[in-house]
Amino acid sequence: MAKYTFSLNSHDGMRHLPSKMVMVQSGLETPDHVLTRILAFNLFHRERLQTRVNLHMDSIPYIPDLVQLDYELCPKLWVECNETALQKIKRLSVKVHEAEIWLVLPSVEEAQELLEAMTKAKLRRNRYHLIGFDRSVFDEVRSLMSTKNDIFLVTASFDPPLMQFEFNGIWFEFEFTIYGF
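What this report covers is the structure whose coordinates are included nearby. (Residues numbered from 1 in each chain as written. Predicted model: local features only at pLDDT ≥ 70, side-chain atom pairs only at ≥ 80, totals over all residues. Heavy atoms only, no water.)

## Comments concerning the sheet that holds strand β7 (residues 128-132)
- Here we have 6 strands laid out as an open sheet, ordered β3-β4-β5-β6-β7-β11, and mixed in their pairing. Of all the strands in the sheet, just β3 (49-51) and β11 (177-180) have a single pairing partner and so form its edges. Sheet twist, expressed as the average angle between the axes of neighbouring strands with direction ignored, equals 20°. (Pairing = 2+ DSSP bridges. Helix = DSSP H or I, 4+ residues; strand = E, 2+ residues; numbered from the N terminus. Axes fitted to C-alpha atoms, helices over the stretch in contact; angles between N-to-C directions.)

Below, the structure written as structure tokens:
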């Protein structure tokens, strides 16, 4: 089990990131999973966004990578990062029926493969959004990741789909691909 610390700063005055986040790589997770989660955290950041929180709800037996709860403690945003079992994805559409469900993957190719699998498994339509990052940029960022990291976020937007940030002193700018399902 590895622990990664991320010092966060933002150029965007409307995006009030926490100054520090600690992410633990647990179980079968890989560094790819941790990196996907911190990138998704920066991209989706909003008030009450939490990472890896146990909801303590019998009706929802899953722990999301990222979740935003409303004031009644119901999920409004549910984000899964990296590989997620199709059975879990299918159940999420029922278990968190009022939430936006996003699946974030390290590459466009992985997102397309998941879309094909979801189509083949005949999952409900109009319930999911997928993001595929640029794999070559993702791999370069991962190669720089250590136990202590600095992120200075400049842009994280969905329209256009773009992230600009400095990671451990190196500048990155990349577009990502969004799919609806």
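## Re the pattern of salt bridges
- On inspection of all chains with the given rule, the structure shows 13 salt bridges.
- A salt bridge links Lys-76 to Asp-70; the nearest nitrogen and oxygen atoms lie 3.7 Å apart.
- Residue class for Asp-70 comes out buried when judged on its relative accessible area of 15%. (Salt bridge = Lys/Arg side-chain N within 4 Å of Asp/Glu carboxyl O. Buried < 20%, exposed > 50% of the residue type's maximum accessible area, 1.4 Å probe, protein only.)

## Looking at the sheet that holds strand β9 (residues 161-167)
- Pairing in this open sheet of 5 strands is mixed, and the strands run β2-β1-β8-β9-β10 from one edge to the other. Sheet topology places β2 (20-25) and β10 (170-175) at the edges, where each strand pairs with a single neighbour. On average, each strand axis in the sheet is tilted by 30° relative to the strand beside it, whichever way the strands run.
- Taken together, the 6 bridges between strand β1 (residues 2-10) and strand β8 (residues 148-158) define a ladder with parallel strand orientation. When the bridges of β8 are listed, Ser-7 appears paired with Asp-150.

## Considerations on the pairing of β2
- Residues of β2 alternate between two faces, with Met-21, Met-23 and Gln-25 buried on one and Lys-20, Val-22 and Val-24 left unburied on the opposite face.
- By the bridge criterion, 6 bridges tie β1 to β2 in an arrangement that is antiparallel. Counterpart to Thr-5 in the pairing with β2 is Val-22.

## Regarding unusual backbone geometry
- The peptide bond linking Asp-159 to Pro-160 adopts the cis configuration, its omega dihedral lying at 0°.
- A positive phi angle, near 45°, is found at Arg-52, a position not held by glycine.
- In this structure, Arg-52 sits in the loop between β3 and β4 (66-69).
- A positive phi angle is found at Leu-73, which is not glycine, with a value near 65°.
- Looking at the secondary structure, you find Leu-73 in the loop between β4 and β5 (75-81).
- Owing to a relative accessible area of 56%, Leu-73 belongs among the exposed residues under this scheme.

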